[in-house]
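# Working through the structure, step by step
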Amino acid sequence: MFIISFGVSIIVSTTMYLIQRKWSMFRSIFDIIALLCLLVFSSIAASAIYEVLINHTVFMTNIHALFLNGFFLVSGAYVLMYSMYKLISMIVRPA
């Protein structure tokens, strides 16, 4: 499973890089989506931690319910792909 997720992340981020090279407007679209996903990701994480602190529950057992939230997983996955895409963009400078 690790190999599959590793391969998919490389393929998706490389595809994002190639798309933004061909159509420059996608650079802004990818940036806006990343901003929204980062807001969703951090808001869900912060609210889960706040709930644990308010309820005085055991942190390690209740916080794992966070991984059952689809919005958290999808937004986190996009932020990862976006980060890899930005790293590829910095490494591969157009000549």
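That block above? That's the structure.
Cut-offs and rules
Residues numbered from 1 in each chain as written. Predicted model: local features only at pLDDT ≥ 70, side-chain atom pairs only at ≥ 80, totals over all residues. Heavy atoms only, no water. Helix = DSSP H or I, 4+ residues; strand = E, 2+ residues; numbered from the N terminus. Expected span 1.5 Å × (residues − 1). Buried < 20%, exposed > 50% of the residue type's maximum accessible area, 1.4 Å probe, protein only. Contact = heavy atoms within 4.5 Å. Polar contact = N/O pair within 3.5 Å; in protein donor to acceptor, adjacent residues only side chain to side chain. Core = buried A, V, L, I, M, F, W, Y, C linked by side-chain atoms within 4.5 Å.

### What about helix α4 (residues 70-91)?
- An ideal rise of 1.5 Å per residue puts 32 Å on 22 residues; α4 measures up with 32 Å between its terminal C-alpha atoms.
- Along α4, the residues that are buried comprise Phe 72, Ser 75, Gly 76, Tyr 78, Val 79, Met 81, Tyr 82, Tyr 85 and Ser 89.
- At its buried positions, α4 is contacted by α1 (2-22) and α2 (25-55).
- Structurally, the start of α4 carries an N-cap: the backbone nitrogen of Phe 71 is 3.0 Å from a side-chain oxygen of Asn 69.

### Thoughts on the nonpolar core
- Among the nonpolar cores identified, the biggest contains 10 residues, and these are Met 16, Tyr 17, Phe 30, Ala 34, Cys 37, Tyr 78, Val 79, Met 81, Tyr 82 and Tyr 85.
- Broken down by secondary-structure element, the contributors of at least two residues to this core are α1, α2 and α4.
- The element contributing the most residues to this core is α4, with five residues.
- With residues up to four places along the chain from it excluded, the contact list for Ala 34 reads Tyr 78, Val 79 and Tyr 82.

### Concerning the side chain of Gln 20
- Along the chain, Gln 20 falls in helix α1.
- A distance of 2.8 Å separates polar atoms of two side chains, one belonging to Gln 20 and the other to Arg 27.
- Apart from residues lying up to four places away in sequence, Gln 20 is in contact with Phe 26, Arg 27, Phe 30, Tyr 85 and Ser 89.

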